[in-house]
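# Descriptive analysis of the structure
Next come the chains, spelled out residue by residue.
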Amino acid sequence: DAVFFVYARGRGGGARSLLGEASVNLEALLREGRDADRAEVRVLDQGRAVGMLTVTVRAVALLRRVRSGGDYIAIAASGLRLEPAVIADPAVETVGLEIELLDRVDARAFASPVVPKGDGRGPPLDLSLAQAVRVAPGTDRGAALSRALASPDDALSDVAIVLV
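This report concerns the structure included in the present document. These numbers come from a predicted model, not from an experiment. (Residues numbered from 1 in each chain as written. Predicted model: local features only at pLDDT ≥ 70, side-chain atom pairs only at ≥ 80, totals over all residues. Heavy atoms only, no water.)

### Regarding the overall build of the protein
- For the protein, the helix and strand inventory stands at four helices and 11 strands.
- Relative to its 164 residues, the protein shows a buried fraction of 44%.
- Across the protein, every contact between residues at least 6 apart in sequence was considered, and the portion connecting residues at least 24 apart equals 60%.
- For the protein, the computed accessible surface area is about 8,400 Å², with 49% contributed by carbon and sulfur atoms. (Helix = DSSP H or I, 4+ residues; strand = E, 2+ residues; numbered from the N terminus. Buried < 20%, exposed > 50% of the residue type's maximum accessible area, 1.4 Å probe, protein only. Contact = heavy atoms within 4.5 Å. Areas by Shrake-Rupley, 256 points an atom, 1.4 Å probe, with all protein chains shown as cover.)

What follows is the structure, given as structure tokens:
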């Protein structure tokens, strides 16, 4: 899965708290033979809707070729619409986004700017984060992806996208 974790910070940049999560299943993309392109994914907190996140996960071609050659996984997130309860929550002041690939193969996180949560009346929050990450045979990421695709454990193929 590509898992998107939504976090918030209160006034003064205090500790972040988890608002909810959403996911795109990589194996389902492969089975259906199509990437998620600007897909609207519901962000949930223990079954309660928190918002909708627009995401792009381009990985089908790579997943098809992972054993025969290197390629890139393209991941993007753009607009985030928060639910009214989250907008009204005074503990949530700002949101941002981080991406972590393949179960912490590397410690480098890709991050968007942190933006004010807004009042919910305008367009979705612009988090504009897009990354193309090379996953080639013989590299740590390539080996991690091969292990993830061969494993029955879906968690190994997670792409964690964290809203902070």
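The discussion continues.
### A few points about the pattern of salt bridges
- Evaluation of the coordinates by the stated rule reveals five salt bridges.
- A salt bridge links Asp 37 to Arg 58; the shortest N-O distance between them is 3.0 Å. Note that Asp 37 is positioned in strand β3 (residues 36–45) and Arg 58 in strand β4 (residues 48–58), a separation of 21 residues in sequence. (Salt bridge = Lys/Arg side-chain N within 4 Å of Asp/Glu carboxyl O.)

### Some details on the nonpolar core
- Phe 4, Val 24 and Val 57 are the most contacted members of the largest nonpolar core, which totals 36 residues.
- Other than its neighbours up to four places away in sequence, Val 24 contacts Asp 1, Ala 2, Phe 4, Leu 29, Ala 36, Val 41, Val 55 and Val 57. (Core = buried A, V, L, I, M, F, W, Y, C linked by side-chain atoms within 4.5 Å.)

### Side note on the layout of surface pockets
- Approximately 150 Å³ is the volume found for the largest pocket.
- Around the largest pocket sit 13 residues that line it, and Gly 120, Arg 121, Gly 122, Pro 123 and Pro 124 are the ones nearest its centre.
- Here the lining of the largest pocket gets three residues from one element, more than from any other, and that element is strand β5 (residues 71–82). (1 Å grid on protein atoms, 1.4 Å probe; cavity = no way out; pocket = protein on both sides within 12 Å on 5 of 7 lines; lining within 4 Å. Points joined across faces, edges and corners; volume = space filled by probe spheres on them.)

### So, the pairing of β3
- Inspection of the sheet shows β3 paired to β4 by eight bridges, in the antiparallel sense. The partner of Arg 42 across the bridge, within β4, is Met 52. (Pairing = 2+ DSSP bridges.)

### So, helix α4 (residues 140–150)
- Along α4, the residues classified as buried are Arg 141, Gly 142, Ala 144, Leu 145 and Ala 148. Viewed end-on, α4 has its buried residues packed into an arc of 165°, placing them on one side of the element. The exposed residues of α4 that point more than 90 degrees off its buried face are Asp 140, Arg 147 and Ala 150. (Arc of directions from axis to C-beta.)

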